[in-house]
Amino acid sequence: LGGRFEACREAGLKHVALAREAGALGAIPALSNLADTEFVLGHSEVAIALCREAIERAAAIGRPATAVHAYGNMVPALLELGELEAAEEAIHAGRALLVRGLGTAFVLLFPLALLAQQRNQPELAARLVGRADRAYAEGGRHLHPPEQRMRESVLAALRSRLGDDAIAALQADGARWSEDEG
């Protein structure tokens, strides 16, 4: 997007309006994407409300796993507001639904790493980044912008506390974890 977040927001608002009007399944990812844009623009409360709407819509149609990114996108906004417990609850709720619906919850590893970093658990945060990196690589998946930002935020905070060698060793250790350990 090249930093054009206001234009992205306008497009996202139109997309959400059309999807809501159509009553389509597409409203769920549209809401989640708009939530991420709102977060980047500094509107954490709006981002949280959009994520909650996506989660509620997904539950209402009996497809809760379609809100996969809403759980992850909500965590940074909650943490921005200092809502660590609510962020943890979102991760737990999302994980339970995702494992039941998709068999995996790897997309919540970066939000979990961000939470660990916020809770002053740098070693755990580094290990979770290592596990997440492995999960994405094994699945042939690319990081979406929210995941990239969470990853970089955690690593930047870790660099201020741990040396590069220590971070690399912790990430390697985390990469050996099973998904249940992460």
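Scroll up to find the structure this text is about.
The paragraphs below set out a description of the structure included in this document. The model shown is predicted, which means the values in this text are computed figures rather than measured ones.

A word on the packing of aromatic side chains
Part 1 of the argument: Applying the stated criterion to the full structure yields 2 aromatic pairs.
Part 2 of the argument: An angle of 80° between the planes, with centres 5.0 Å apart, marks the rings of Phe-106 and Tyr-136 as edge-to-face. One end of the pair, Phe-106, is in the loop between helix H5 (84-102) and helix H6 (109-118); the other, Tyr-136, is in helix H7 (residues 122-138), and 30 residues separate them in sequence. Take Phe-106 and Tyr-136: they sit in the same class, and that class is buried.
Part 3 of the argument: Judged by centre distance (5.6 Å) and plane angle (35°), the rings of Phe-110 and Tyr-136 are tilted. Here Tyr-136 lies in helix H7 and Phe-110 lies in helix H6, a separation of 26 residues in the sequence. Taken individually, Phe-110 and Tyr-136 each receive the classification buried, so the pair is uniform in this respect.

Here's the deal with helix H8 (residues 145-159)
Part 1 of the argument: Relative to the 21 Å expected for 15 residues at 1.5 Å per residue, H8 spans 21 Å between its end C-alpha atoms, a close match to the ideal helical length.
Part 2 of the argument: What H8 keeps buried is the set Pro-146, Glu-147, Met-150, Arg-151, Val-154, Leu-155, Ala-157 and Leu-158. Looking straight down H8, one finds its buried side chains confined to an arc of 160°; they lie on one side.
Part 3 of the argument: For H8, the elements touching its buried residues are helix H2 (27-40), helix H4 (68-80), H6, H7 and helix H9 (164-175).

A word on the state of the cysteines
Part 1 of the argument: Evaluated as defined, the whole model comprises 0 disulfides.
Part 2 of the argument: For Cys-51, which is in no disulfide, the shortest distance to another cysteine sulfur is to Cys-8 and amounts to 14 Å.
Part 3 of the argument: Owing to a relative accessible area of 0%, Cys-51 belongs among the buried residues under this scheme.

Examining the nonpolar core
Part 1 of the argument: Formed by 53 residues in total, the largest nonpolar core has its most connected members in Ala-67, Met-74, Leu-98, Val-107, Val-154 and Leu-158.
Part 2 of the argument: Looking at this core, the elements that each hand over two or more residues are H2, helix H3 (44-60), H4, H5, H6, H7, H8 and H9.
Part 3 of the argument: Of all the elements, H4 adds the most residues to this core, at 8 residues.

Rules used throughout
Residues numbered from 1 in each chain as written. Predicted model: local features only at pLDDT ≥ 70, side-chain atom pairs only at ≥ 80, totals over all residues. Heavy atoms only, no water. Phe/Tyr/Trp six-rings, centres within 6.5 Å; stacked < 30°, edge-to-face > 60°. Helix = DSSP H or I, 4+ residues; strand = E, 2+ residues; numbered from the N terminus. Buried < 20%, exposed > 50% of the residue type's maximum accessible area, 1.4 Å probe, protein only. Expected span 1.5 Å × (residues − 1). Arc of directions from axis to C-beta. Contact = heavy atoms within 4.5 Å. Disulfide = S-S within 2.5 Å. Core = buried A, V, L, I, M, F, W, Y, C linked by side-chain atoms within 4.5 Å.

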